[in-house]
Amino acid sequence: MATQFPWGKLLLSTFGIMGTGYVIMRATVPTPEETYAAMAPDLRRKVDANRAARLARENATKQQETAQLNDPDAQKPIWADSSRS
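This section reports on the structure supplied with the text. (Residues numbered from 1 in each chain as written. Predicted model: local features only at pLDDT ≥ 70, side-chain atom pairs only at ≥ 80, totals over all residues. Heavy atoms only, no water.)

As a further point, take the overall build of the protein. In terms of helices and strands, the protein carries three helices and zero strands. Going residue by residue from the N terminus, the α and β elements of the protein occur as α-α-α. Residues classed as buried in the protein amount to 0% of the 85 residues present. Total accessible area on the protein stands at roughly 8,100 Å², and carbon and sulfur atoms take up 62% of it. (Helix = DSSP H or I, 4+ residues; strand = E, 2+ residues; numbered from the N terminus. Buried < 20%, exposed > 50% of the residue type's maximum accessible area, 1.4 Å probe, protein only. Areas by Shrake-Rupley, 256 points an atom, 1.4 Å probe, with all protein chains shown as cover.)

Here it is as structure tokens:
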């Protein structure tokens, strides 16, 4: 007579191991704010400079996208212009 596989114990063990790992991760990994607060002042300045540069790039990209969407010439393909030949 074949014995049945203990699926309940397997599922309980699997979720127990995953839950324990998640709890350990939440307890040991610092939040971004905690990491920023623990940085040296010179590293904070570098992080702030990088953030400002990234925001400037994003704003420039958004402005360029807006300009391209509002440009009537951008709506037609380049090869549709017959005056370039």
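Turning to the packing of aromatic side chains, a few remarks are in order. Tallied over the full model, the rule gives one aromatic pair. When the ring centre of Y36 is taken as origin, the NZ or CZ atom of R44, which lies over that ring, is 5.7 Å away. Of note, R51 hangs over the ring of Y36, and the distance from its end group to the ring centre comes to 5.1 Å. (Phe/Tyr/Trp six-rings, centres within 6.5 Å; stacked < 30°, edge-to-face > 60°. Lys NZ or Arg CZ within 6 Å of the ring centre and 35° of its normal.)

What follows concerns a nonpolar patch on the surface. Side chains of Y22, V23, M25 and V29 sit close together on the surface and give an oily, nonpolar patch of about 400 Å² of accessible area. Mapped onto the fold, Y22 is located in helix α1 (residues 7-28). (Patch = residues over 30% accessible without salt bridge, like charges linked within 9 Å, V, L, I, M, F, W, Y side chains within 5 Å. Salt bridge = Lys/Arg side-chain N within 4 Å of Asp/Glu carboxyl O.)

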